[in-house]
Amino acid sequence: MSVDDTQPLISHLIELRKRILNSLITVLIVFLALVYFSNDIYRLIAAPLMDQLPKGANMIATDVASPFFTPIKLTVMVSVFVSAPMILYQVWAFIAPALYKHERRLIMPLLFSSSVLFYLGMAFAYFVVFPIAFGFFINTVPAGVVISTDISNYLSFVMALFMAFGVSFEIPIAIILLCWSGVVTPESLKRKRPYILVGAFVVGMLLTPPDVFSQTLLAVPMYLLFELGILLSQFYVGKRGGRHSVRPEDQSGSETGNNLKK
């Protein structure tokens, strides 16, 4: 490998390091701004369960360090979620030079909408799924059983649901990218609707706790988002351009060469 061949690779690695550092710095800044309110953040996340608990019931900590480390752990996760738009922008800034002009116009709305859909998925889990699921759990407790949920176990439970719903709400983006790249077509996806419906319930069973309410509340939105993805993908398929398209900088270079020839 010659020196000229290694220079582009080194420049790409330097650019990648820059984008990763920018993302980490953003997460760190958000974390430092939120760490003082870590207990309040945990209280907010625990509110759906606390509202369903019997009067006088509280959550517990079975580990000595849990009251300190659990809210801090939650704050780190929240910092990553809050920094998601900046992280996606860094991804965009890294790959944008390799894209054609028409691709840049199509990818930027996808990056923005992916952040919005992820937040919508988390909001759906918090405001819709949590009250229904926790109400069901509390009302089905056998007689003589006292509910005392550990704060660490509760955090693991809700974060799993947040991630499941946040990622599942990205289905329209995934479908658009698959159709845009030519891997599948909207027509072929329409023919697979019965299989997708069954698959949505299977995925809901795998990604959510073992109760029918959480599984259904994830599977139904997933299928509706699948239909939305098919609808939106038809606009992107029509705008898909070939990879032989000329980049703006290449076009300007060719024009300069033509002028020199003249």
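Quick caveat: nothing in here was measured; it's all calculated off a predicted structure.

A few words on the packing of aromatic side chains. This model, assessed by the stated rule, comprises 15 aromatic pairs. Both rings, one in Phe134 and one in Phe157, keep their centres 5.9 Å apart while their planes meet at 40 degrees; by these two values the pair is tilted. In this pair, Phe134 is assigned in helix 5 (residues 101–139) and Phe157 in helix 6 (residues 151–168), connecting sequence segments 23 residues apart. Put simply, the rings of Tyr42, Tyr126, Phe127, Phe130, Phe134, Tyr154, Phe157 and Phe162 pair up and form one aromatic cluster.

Attention now goes to the side chain of Ser115. Along the chain, Ser115 falls in helix 5. Using a relative accessible area of 9% as the deciding quantity, one classes Ser115 as buried. Dropping the residues within four chain positions of it, Ser115 is found in contact with Pro85 and Leu88.

Here the protein chain averages 81 in pLDDT, while 85% of its residues score no lower than 70. Counting interchain partners and residues more than four positions distant, the pLDDT-below-50 stretch residues 242–262 has 15 contacts.

Before going further, it helps to spend a moment on the nonpolar core. Tyr42, Leu74, Phe130, Tyr154, Val158 and Phe162 are the most contacted members of the largest nonpolar core, which has 54 residues in total. Every element with two or more residues in this core is listed here: helix 2 (38–50), helix 3 (66–82), helix 5, helix 6, helix 7 (171–181) and helix 10 (212–238). The greatest single-element share of this core, amounting to 13 residues, is contributed by helix 5. Here Phe130 is in contact with Pro48, Ala125, Gly135, Val158, Leu161 and Phe162, once residues within four sequence places are set aside.

Reading the values: the criteria
- Residues numbered from 1 in each chain as written.
- Predicted model: local features only at pLDDT ≥ 70, side-chain atom pairs only at ≥ 80, totals over all residues.
- Heavy atoms only, no water.
- Phe/Tyr/Trp six-rings, centres within 6.5 Å; stacked < 30°, edge-to-face > 60°.
- Helix = DSSP H or I, 4+ residues; strand = E, 2+ residues; numbered from the N terminus.
- Buried < 20%, exposed > 50% of the residue type's maximum accessible area, 1.4 Å probe, protein only.
- Contact = heavy atoms within 4.5 Å.
- pLDDT = per-residue confidence, 0-100.
- Core = buried A, V, L, I, M, F, W, Y, C linked by side-chain atoms within 4.5 Å.

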